[in-house]
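Coordinate inspection notes
Listed below are the residues making up each chain.
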Amino acid sequence: MSLHGPRTLLLEAREVPLGGVRAMSVRRTLPHRDVPTIGAWCFLDRFGPDEVRMRVEPHPHIGLQTVTWPLAGEIRHRDTLGSDVVLHRGQLDLMTAGRGIAHSEYSVGDGPIPLDALQFWVALPDGARDGAPGFEQHTRLPALTLPATDGPDAAAVVVLGTLAGVRSPATVHTPIVGAEIRLEPGARVSVPLASDWEHAVLVVEGDARVDAVEVPHGEMLFLGDSREDVEVTTTDGALLFLLGGEPFAQDLVMWWNFAARTHEEIVQAREDWESEGVAADDAVPDAAEPSVAVTRRFGPVVGHGPERIPAPPIPPVRLMPRRRRV
């Protein structure tokens, strides 16, 4: 594992229209053109705050974990393992795609509701990426106090991995941290970091200076590695999300909802998803002859009929691993 030293690089989020039945847009921070991954964290969207009726129909994933952390509103998750749960503020949905899974995400109710959430992807290492899919929901997560050098102490919730010796119960496959940190007005706090990991701090709400750099609301500061701590200050109070981990050394090819190692793996996953859609359309439920069981890579999502998100065409270029530019 090679280290590159401390950095202070501001990663600006970009607006990404999702459109379709979702009728919403998101602010996407990862992957960034200069920093595609932070540890194994390889994707970050914030959808909201907005008044919206979210309908994300069944769609597939491979090679990653989805980490859904709501800030406001309720989200219903259903998947091909039979999971059917509603997620609330302060709770974690963690879905491990492994070799393949499909799921849907709906806002609760028939009309628009206030909705705000962070959704991350975590790249799976070799071994786990070809393993069985899984889903877990954690309604209670460990908390700790971060002593302040000025003003009130900060409160942290360890969502994923480990912070200051406090470990989340959620399943992880690489050394990693994901934690929500709340600072009260006038606080100055030193946040402990693992020096052989790389880290970043996202400003979710309020105002914050991270390592003396003013980070605008909604943006993220990449800190690099080789730090034992980072100082954070706020004037009016702030809600932050710390993410970090051991640098992800394996090749990572990402396209649509898939994380893989090669172009060919992405093509195969797309073909598998599309072929399952054709098979569902052609199914005859009352066939005279008994059907032969077909092994599906993804399978149907519980509670859904034929509705699904089709895969877009593969770009007319070879998909290549993303490389860090800083």
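Only a predicted model underlies this, so the values are computations on that prediction, with no experimental measurement involved.

Turning our eyes to something else, we now look at the nonpolar core. A general feature of soluble globular proteins is that nonpolar side chains tend to end up buried together. By size, the foremost hydrophobic cluster in this structure holds 37 residues, and its most contacted members are Trp 41, Leu 118, Met 220 and Phe 241. Secondary structure elements with two or more residues in this core: strand E4 (41-52), strand E6 (64-72), strand E9 (92-96), strand E11 (113-123), strand E15 (154-163), strand E19 (198-206), strand E22 (220-224) and strand E24 (238-245). Among the elements that make up this core, the one with the highest residue count is E11 (five residues). Discounting residues that sit within four places of it in the chain, Phe 241 has contacts with Trp 69, Leu 118, Phe 120, Val 159, Gly 178, Ala 179, Glu 180, Ala 200, Val 201, Leu 202 and Val 204.

Overall, antiparallel pairing links the seven strands, which are arranged E2-E3-E4-E11-E6-E9-E12 in an open sheet. In this open sheet, the two edge strands, each paired with only one partner strand, are strand E2 (14-17) and strand E12 (134-138). When the angles between neighbouring strand axes are averaged without regard to direction, this sheet yields 20 degrees. Here E2 runs beside strand E3 (residues 25-30); their pairing, made up of four bridges, is antiparallel. The partner of Pro 17 across the bridge, within E3, is Ser 25.

The next point concerns the environment of Val 16. Tracing the backbone shows Val 16 in strand E2. On a C-alpha basis, the gap between Val 16 and Ala 156 in space is 29 Å, while along the polypeptide they are 140 residues apart. Those residues in contact with Val 16 that sit more than four places away from it in its chain are Ser 25, Val 26 and Arg 28.

The next subject is empty space enclosed by the protein. One pass over the full model with this rule turns up two cavities of 30 Å³ or more. One number sums up the size of the largest cavity: a volume of about 60 Å³. Taken together, Thr 66, Thr 68, Ile 75, His 77, Asp 93, Met 95, His 103, Glu 105 and Phe 135 form the lining of the largest cavity. Elements with a contribution of two residues or more to the lining of the largest cavity: E6, strand E7 (75-79), E9 and strand E10 (101-107). Here the residues of the lining of the largest cavity sort into three nonpolar, four polar and two charged.

What counts, and at which threshold
- Residues numbered from 1 in each chain as written.
- Predicted model: local features only at pLDDT ≥ 70, side-chain atom pairs only at ≥ 80, totals over all residues.
- Heavy atoms only, no water.
- Core = buried A, V, L, I, M, F, W, Y, C linked by side-chain atoms within 4.5 Å.
- Buried < 20%, exposed > 50% of the residue type's maximum accessible area, 1.4 Å probe, protein only.
- Helix = DSSP H or I, 4+ residues; strand = E, 2+ residues; numbered from the N terminus.
- Contact = heavy atoms within 4.5 Å.
- Pairing = 2+ DSSP bridges.
- Axes fitted to C-alpha atoms, helices over the stretch in contact; angles between N-to-C directions.
- 1 Å grid on protein atoms, 1.4 Å probe; cavity = no way out; pocket = protein on both sides within 12 Å on 5 of 7 lines; lining within 4 Å.
- Points joined across faces, edges and corners; volume = space filled by probe spheres on them.
- Nonpolar A, V, L, I, M, F, W, Y, C, P; charged D, E, K, R; others polar.

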